[in-house]
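# Coordinate analysis (summary)
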There are 2 protein chains.
Amino acid sequence: MASKKATIHDIAKELNITASTVSRALNNNPRISEATKKAVLGMAKDLNYQPNNLAAALRKGKSQLIGIIVPTINRSFFSSVIRGVEEVANKLNYRVIVSQSNEDVDNEIATLNALLNARVDGVLVSIGKNTDRFEHYKDLMERGIPLVLFDRTTNEVGTSQVVIDDYLGGYLATEHLIKQGCKKIVHFTNLKQVNIYKERYRGYLEALRDNDIPFDESLVYQSDMQLVDGRNCTEQLLASHKKFDAIFSASDYAAVGALQILKENGVKVPEDVALVGFSNEPFTSFTDPSLTTVSQFPIEMGQAAAESFFEILEAKKKKFIPQKTVLQPELIIRDSSLKSGK
Amino acid sequence: MASKKATIHDIAKELNITASTVSRALNNNPRISEATKKAVLGMAKDLNYQPNNLAAALRKGKSQLIGIIVPTINRSFFSSVIRGVEEVANKLNYRVIVSQSNEDVDNEIATLNALLNARVDGVLVSIGKNTDRFEHYKDLMERGIPLVLFDRTTNEVGTSQVVIDDYLGGYLATEHLIKQGCKKIVHFTNLKQVNIYKERYRGYLEALRDNDIPFDESLVYQSDMQLVDGRNCTEQLLASHKKFDAIFSASDYAAVGALQILKENGVKVPEDVALVGFSNEPFTSFTDPSLTTVSQFPIEMGQAAAESFFEILEAKKKKFIPQKTVLQPELIIRDSSLKSGK
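Reading guide: rules and limits
Residues numbered from 1 in each chain as written. Chains lettered and ligands numbered in written order. Predicted model: local features only at pLDDT ≥ 70, side-chain atom pairs only at ≥ 80, totals over all residues. Heavy atoms only, no water. Helix = DSSP H or I, 4+ residues; strand = E, 2+ residues; numbered from the N terminus. Buried < 20%, exposed > 50% of the residue type's maximum accessible area, 1.4 Å probe, protein only. Contact = heavy atoms within 4.5 Å. Areas by Shrake-Rupley, 256 points an atom, 1.4 Å probe, with all protein chains shown as cover. Lys, Arg positive; Asp, Glu negative; His and termini not counted. Charge placed at Lys NZ, Arg CZ, Asp CG, Glu CD. Pairing = 2+ DSSP bridges. Axes fitted to C-alpha atoms, helices over the stretch in contact; angles between N-to-C directions. Domains from an automatic or database assignment. Buried area = accessible area lost by both parts, 1.4 Å probe. Salt bridge = Lys/Arg side-chain N within 4 Å of Asp/Glu carboxyl O. Polar contact = N/O pair within 3.5 Å; in protein donor to acceptor, adjacent residues only side chain to side chain. Expected span 1.5 Å × (residues − 1). Parallel < 35°, antiparallel > 145°, perpendicular 65-115°, else oblique. Nonpolar A, V, L, I, M, F, W, Y, C, P; charged D, E, K, R; others polar.

## Looking at the overall build of chain A
Check the secondary structure of chain A and you find 12 helices and 12 strands. Based on the C-alpha atoms only, the size of chain A along its principal axes is roughly 85 × 40 × 35 Å. When each of the 342 residues of chain A is scored for burial, the buried share is 56%. For chain A, contacts bridging at least 24 residues in sequence account for 74% of all contacts bridging at least 6. Carbon together with sulfur atoms contributes 49% to the accessible area of chain A, which is approximately 15,600 Å² in total. Between the averaged position of the 42 positive side-chain charges in chain A and that of its 42 negative side-chain charges there is a distance of 7 Å.

See the structure below:
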């Protein structure tokens with residue numbers, strides 16, 4: 001109809017309200033009444049108003065985009081975190097774009113630059129296993145670009161973090177095995193890498209100590225914690241002829257590898273060996289027996305990370321005090337750890 | 001050292017070459033020799049040259065960003081496709097950003113706009129289950145923005161597509177079950193939704209016909225094809241007291257649901273009922289018995305989609321002829337379908 005594009009001023013004129021009220025209504029500002037929002041959206045539709053988001057973004061310096069960097073998209077944990085971020089962000093008319101670092105620090109830096117070139121308003125990051133340089137994040141902080149770290153975090157950057165209490169997760173898993181009567185509990189971990197494994201290990205040690213079970217260092221197996229590593233460690237364990245009645249693997253993947261080797265060798269799970277993993281990956285309910293594991297509430301973690309992001313955004317002009325949000329994990333008890341008759 | 005930022009002109013001056021050669025070398029242009037590239041990269045490092053990608057992008061109208069829209073990131077298939085795209089894109093100094101539509105058409109449109117606001121050079125899309133409007137993609141085509149559809153595609157948009165031969169996948173799965181001696185083969189599908197299921201169903205029908213096995217419509221169960229749907233369909237199947245000796249499920253998730261119910265009811269897999277899924281999700285090798293399935297070569301699909309994207313980009317000034325790339329699927333035979341003694 002109209003050869004000229006409708007603007008917010010046209011909408012304002014038709015409704016006899018100010019352009020800034022129209023703008024706020026279109027941006028779903030909570031201070032605008034639902035009735036006004038409805039009227040504005042209706043008129044915007046009638047006038048075939050097309051918001052020029054790019055122009056608006058350049059004007060406001062806001063793209064309404066949040067960038068997320070994860071080590072790998074191909075983990076149910078991370079894709080659920082992304083879902084949680086979206087749930088909060090979409091309600092505020094923000095969109096989420098994701099990029100993966102593939103656990104490589106150079107890639108992580110390139111990915112961060114790509115997101116900045118995409119003019120995201122801020123970045124949510126779970127850092128790579130091998131990331132030992134943090135200048136790119138410190139630089140971000142200096143430029144006043146909101147940054148939130150989640151799950152795999154560091155204290156070196158001085159920004160808000162969202163983590164689960166991995167120590168508690170390790171403690172709950174180990175304590176559960178002890179309550180099932182297990183005394184020789186093997187632990188699969190990777191202490192050279194990210195903090196999360198160290199915390200789970202600390203939980204394991206504390207639960208042993210609190211229950212007067214002597215710690216046997218030879219029962220701790222370190223690896224990259226993938227499925228194949230779980231297989232290899234369990235093969236070594238069986239070949240060593242050490243006595244053990246449980247395995248607490250700090251990764252579900254390594255736990256499934258352990259399950260495969262135990263079954264192949266006629267070791268009954270949970271009767272001979274009780275087994276607990278960590279992360280509540282979806283496949284843990286498909287295994288036979290189903291795998292006891294620790295839920296990290298990834299959707300809630302994503303929601304909390306998004307909330308931290310918006311807090312930083314709001315506080316931009318004021319003093320910003322970094323926050324650390326610690327979520328409580330939950331032990332999901334399934335068949336792999338329930339010894340019969342106990 | 002230098003208070004002024006080094007530019008490509010400074011590098012050019014030091015090496016006594018043209019600025020455009022420096023630019024090409026930095027962009028890894030194949031027409032520049034490796035020796036020149038090495039010299040340029042060395043001098044760039046010495047002068048602490050920081051490429052201003054954003055400025056470069058605005059100048060060239062290129063962001064070196066590819067946007068991908070998937071229905072959901074939380075599927076191994078899609079995250080592997082993304083990996084394949086990255087493999088090709090990163091070599092050409094392109095970065096990949098991803099957004100999910102969550103199977104909702106309004107969300108899909110908002111996601112597309114977000115990627116365009118992020119100034120991607122083009123978009124690779126696997127369309128949502130319920131997407132029945134394609135104007136947003138047609139609009140993209142009219143604006144000359146490269147678009148490639150993969151896996152879940154449509155012929156309505158007239159651009160390049162990368163798919164696997166779902167018909168062949170369905171045929172191979174069904175033929176395999178027939179060769180194992182199965183004659184009453186149940187099929188789990190969803191014919192109301194995306195084309196891929198219709199094609200797998202067509203493969204099922206053709207394999208039955210080619211092997212003179214009468215088609216029994218009452219053995220076809222339709223659902224949303226999630227794990228819970230596989231459970232429900234199998235419960236209905238068992239309650240119906242129909243005779244069947246195999247299930248070909250067009251989704252791995254529904255196949256795992258079937259496996260759970262069969263086992264809970266004392267039906268032996270594969271002895272009593274042989275079972276085949278579709279997609280080769282990682283968990284299919286963790287189940288007990290491990291699940292026979294069809295690999296869709298997602299990494300290769302991502303590579304092919306990226307290659308199609310760069311072909312469109314190159315051809316932008318010339319006439320562009322949409323291509324359809326059809327990849328061949330492969331049957332992965334595991335324990336769930338191998339009847340003993342056959």
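## Notes on the sheet that holds strand β6 (residues 185–189) of chain A
Residue and element names in this part refer to chain A. If you walk across this open sheet you meet the four strands as β7-β6-β8-β9, and the pairing is parallel. Of all the strands in the sheet, just β7 (220–222) and β9 (274–276) have a single pairing partner and so form its edges. For this sheet, the mean inter-axis angle between neighbouring strands, taken without regard to orientation, is 15°. Note that β6 and β7 share three bridges and pair parallel.

## Thoughts on the environment of Y204(B)
Residue and element names in this part refer to chain B. Of note, Y204 is situated in helix α9 (residues 195–210). Residue Y204 is classed as buried on the basis of its relative accessible area, which comes to 1%. Residues Y204 and H187, spaced 17 residues apart in sequence, show a C-alpha to C-alpha distance of 7.9 Å. If we skip the residues at most four places from it in the chain, Y204 touches G170, Y171, T174, I185, V186, H187, F215, V220 and F248.

## Side note on the domain arrangement of chain A
When the domains of chain A are assigned, the result is domain 1 (8–51), domain 2 (63–164 + 298–328) and domain 3 (166–296 + 331–337). For domain 1 of chain A and domain 2 of chain A, the distance between their C-alpha centres works out to 32 Å.

## Concerning the interface of chain A and chain B
Taken residue by residue, the interface counts 36 residues in chain A and 36 residues in chain B. Its largest share of buried area at the contact with chain B, chain A owes to R95(A), N117(A) and F286(A), together 22% of the area lost on that side. Taking the shortest distance from any N to any O, the salt bridge between K263(A) and D288(B) comes out at 2.9 Å. Our count for the chain A to chain B interface comes out at 17 residue pairs in polar contact (both at pLDDT 80 or more). Listed by contribution, the elements that provide at least two residues to the side of chain A that touches chain B are α4 (53–60), α5 (76–91), β2 (95–100), α6 (105–117) and α11 (252–264) of chain A.

## Notes on helix α8 (residues 166–179) of chain A
Residue and element names in this part refer to chain A. Helix length check: α8, at 14 residues, gives a terminal C-alpha distance of 20 Å against a target of 20 Å (1.5 Å per residue), a fit within 8%. For α8, the buried fraction is high: 10 of the 14 residues fall into the buried class. Count one or two residues on from α8 and you reach G181, which has phi positive near 95°.

## Quick look at the packing of helix α1 (residues 8–15) of chain B against helix α2 (residues 19–26) of chain B
When two helices pack together, you describe them by how their axes are tilted relative to each other and by the distance separating the axes. Residues and elements named next belong to chain B. Orientation of α1 relative to α2, taken along the N-to-C sense of each, is 110°, at an axis distance of 8 Å. The orientation of α1 relative to α2 falls into the category roughly perpendicular. Side by side, α1 and α2 meet where I8, H9, I11 and A12 of the first sit next to A19, V22, S23 and L26 of the second. Of the residues contributing to the contact of α1 with α2, the split by class is six nonpolar, two polar and no charged.

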